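# Notes for the structure review
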Amino acid sequence: MPKIVVFGATGYTGRLTAEVLLSLGMSPLLAARNPTALRTLADELGGADTAVADVSDPASVRALLDRGDVLITTVGPFLRYGGPALAAALDAGAHYFDSTGEGPFIRTVFEHDEQARQAGVGLLSGFGFDYVPGNLAGALALRDAPDAVRVDIGYFIDTPGTSGGTRASVAGMLFERGFALRGGDVVPVRTGERIHTFDVEGHARTGASIPGSEHFALRRSYPNLREADVYLGLPAAVVARGFQLTSLITDATARVAPVEQLAEKALHSLVKGSTGGPSTSARSRNRTWAVAEARDNAGRVLSSITLAGGDPYDFTAATLAWGAQTALDGGLRGTGALGPIDAFGLDAVSAAAFDAGFAVTASGR
């Protein structure tokens, strides 16, 4: 019988996701590299099936899966460790979900679109706070403005606490090229190339441009779309400018291979993954927003949507669990590398996001 596999279950996001699945009455297989940590986790969760798998042994990851299964992988940084899980899902004929926030890895997943179609599976990358709310906000704004050709999407977090895995992912992206939708095509651009200020419930908030899944996914659902940018909110415009300057430096550094290798080695020694994350109490205080502005050729805003919610990790766990359960039940609308909207439909994603604590708090034209 097909099953859900949570790979990286002993990590911060993996455990949260496993907890949600169990609360829904599902029986996921929990997988990770450390057998002792797995046994402890299973005991703490009241019992669950476990399996040991390690990305350093791709065959062990492949052994987790049978045709028709659904794989949730939270093993990051994905640019370093994500490949074996993706390859295993494609080889097994299993649907694939990941929690990455790393745009370059999302691009890699979308590059496997045809292979996924041939395997008859869906690949859903960045299926959490990065980047489901932005896809949803963008889709809602574009639905209300069918003549729009451009969308700007911003992510904002108050009192952000981050897990070790998130910090390691950010470090891994520093020396990777970004991308954006330009002229209807996804093209390479420098991360932080643009900054943009959004109205977030009456407050001006500024972000710097980053790569995301929206560049690939929204174009499929809204073929009139010619340009898209995704922005990560920062405390103030001066910080955004600082991020932009940092991206210029790292972009130049990345062009000199020996310097890049030394810098990456130093970062990886300083920033470790799987080191825990915010407490339940800290997560309860977090607030998050996703804002989308749909524009015409002249740059006029035709429609805007603001979604507001709670903690990004809680949202990610709930969304991964919902997506995996829906896929297991045959609810995917297609195969290939998919965004949330073309995978499940706007109404279904809206309902799932609202169940996970997000709501439309502002809209306009």
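Quick note: structure is the one above.
First, a word on what this report is: a plain description of the structure on this page. As the structure is a computational prediction, the values presented were derived from the model and not from experiment. Every residue gets a number counted from 1 within its own chain, in the order that chain's sequence is written. Where totals are concerned, whole chains, interfaces and linings use all residues; where local detail is concerned, this predicted model gives features only for residues with pLDDT of at least 70, and gives and counts side-chain atom pairs only at 80 or more. Excluded from the side-chain calculation are hydrogens and water; included are all heavy atoms of the structure.

## Thoughts on helix H6 (residues 103–110)
- Three exposure classes are used, based on accessible area relative to the maximum for each residue type with a 1.4 Å probe and protein chains only: buried under 20%, partly exposed in between, and exposed over 50%. Per the convention used, a helix needs a DSSP run of H or I reaching at least four residues, while a strand needs a run of E reaching at least two, with both numbered from the N terminus. Extensive coverage of H6 is indicated by the burial of 6 of its 8 residues.
- All of the buried residues along H6 are Gly-103, Pro-104, Phe-105, Ile-106, Val-109 and Phe-110.

## A few points about the nonpolar core
- By nonpolar core we mean a set of buried residues, namely Ala, Val, Leu, Ile, Met, Phe, Trp, Tyr and Cys, connected to one another through side-chain atoms within 4.5 Å. In terms of nonpolar packing, the biggest core is built from 89 residues, with Phe-7, Leu-64, Leu-65, Tyr-96, Phe-97 and Leu-123 touching the most fellow members.
- Examining the composition of this core, we find that 7 residues originate from one element, helix H8 (residues 132–144), more than from any other.
- Taken domain by domain, the makeup of this core includes at least three residues from each of domain 1 (4–127 + 314–349) and domain 2 (132–312 + 357–364).
- In this description, contact between two residues means that some pair of their heavy atoms is separated by no more than 4.5 Å. Filtering out sequence-adjacent residues up to four positions away, Phe-7 remains in contact with Ala-31, Ala-53, Val-55, Val-61, Leu-64, Leu-71, Ile-72, Thr-73, Thr-74, Val-75 and Ala-85.
- Counting residues in hydrophobic clusters, the runner-up holds 7 residues, among them Phe-156, Val-200, Tyr-231 and Ala-308. These domain limits were set by an automatic method or by a database of domain assignments.

## Some remarks on the pairing of strand E10 (residues 195–200)
- Residues His-196, Phe-198 and Val-200 point to one face of E10 and are all buried, whereas Ile-195, Thr-197 and Asp-199, pointing to the other face, are not buried.
- Two strands pair if DSSP finds at least two bridges between them. Sheet topology places E10 next to strand E11 (residues 203–210); 6 bridges connect them, and they run antiparallel. In the sheet register, Val-200 faces E11, and the bridge partner there is His-203.
- Between the end of E10 and the start of E11, which pair antiparallel, lie 2 residues, with Glu-201 showing a positive phi angle near 50°.

## Side note on the pattern of salt bridges
- One speaks of a salt bridge when a side-chain nitrogen belonging to Lys or Arg is within 4 Å of a carboxyl oxygen belonging to Asp or Glu. Counted under the stated rule, the structure contains 21 salt bridges.
- One salt bridge connects Lys-3 with Asp-66, and the closest N-O pair in it is separated by 3.4 Å. Here Lys-3 is found in the segment before strand E1 (4–7), whereas its partner Asp-66 is found in the loop between helix H3 (58–62) and strand E4 (70–73), with 63 residues between them in sequence.
- Classification of Asp-66 as partly exposed rests on a relative accessible area of 48%.
- Lys-3 is the partner of Asp-69 in a salt bridge, and the nearest nitrogen-oxygen pair spans 2.5 Å. Placement of Asp-69 in the loop between H3 and E4 and of Lys-3 in the segment before E1 is noted, with a sequence separation of 66 residues between them.
- Here the residues in one salt-bridge network are Arg-182, Glu-193, Arg-194, Glu-227 and Asp-229, joined through shared partners.

## Brief notes about the sheet that holds strand E3 (residues 50–52)
- The sheet built from 7 strands is open, its strands ordered E3-E2-E1-E4-E5-E6-E15 with parallel pairing. The sheet terminates laterally at E3 and strand E15 (336–337), the two strands that pair on one side only.
- Relative to E15, strand E6 (residues 122–124) is paired through 2 bridges, and the arrangement is parallel. If you follow Leu-123 over to E15, its bridge partner there is Ala-337.
- An axis is simply a line fitted to the C-alpha atoms; with a helix, the fit covers only the stretch in contact. Between two such axes, the angle follows the N-to-C directions and lies from 0 to 180 degrees. On the sheet, helix H1 (residues 12–23) packs against E1, strand E2 (29–32) and E4 and is oriented at approximately 155° with respect to E1.
- The sheet contacts of helix H14 (residues 312–328) involve E1, E4 and strand E5 (95–98), and relative to E5 the element is tilted by about 175°.

## Brief notes about the packing of H8 against helix H10 (residues 214–221)
- Remark: H8 packs on H10, axes separated minimally by 10 Å, with the N-to-C direction vectors making an angle of 35°. Regarding H8 and H10, the two cross each other, and that crossing is right-handed. On H10, the residues touching Gly-134, Asn-135, Gly-138 and Ala-139 of H8 are Glu-214, Ala-217 and Leu-218.
- Under the scheme applied, nonpolar residues are Ala, Val, Leu, Ile, Met, Phe, Trp, Tyr, Cys and Pro; charged residues are Asp, Glu, Lys and Arg; polar residues are all the others, including Gly. Looking at the contact of H8 with H10 residue by residue, the class counts come to 3 nonpolar, 3 polar and 1 charged. When the near helix sits turned anticlockwise from the far one by under a right angle, the crossing is termed left-handed; a clockwise turn instead gives a right-handed crossing.

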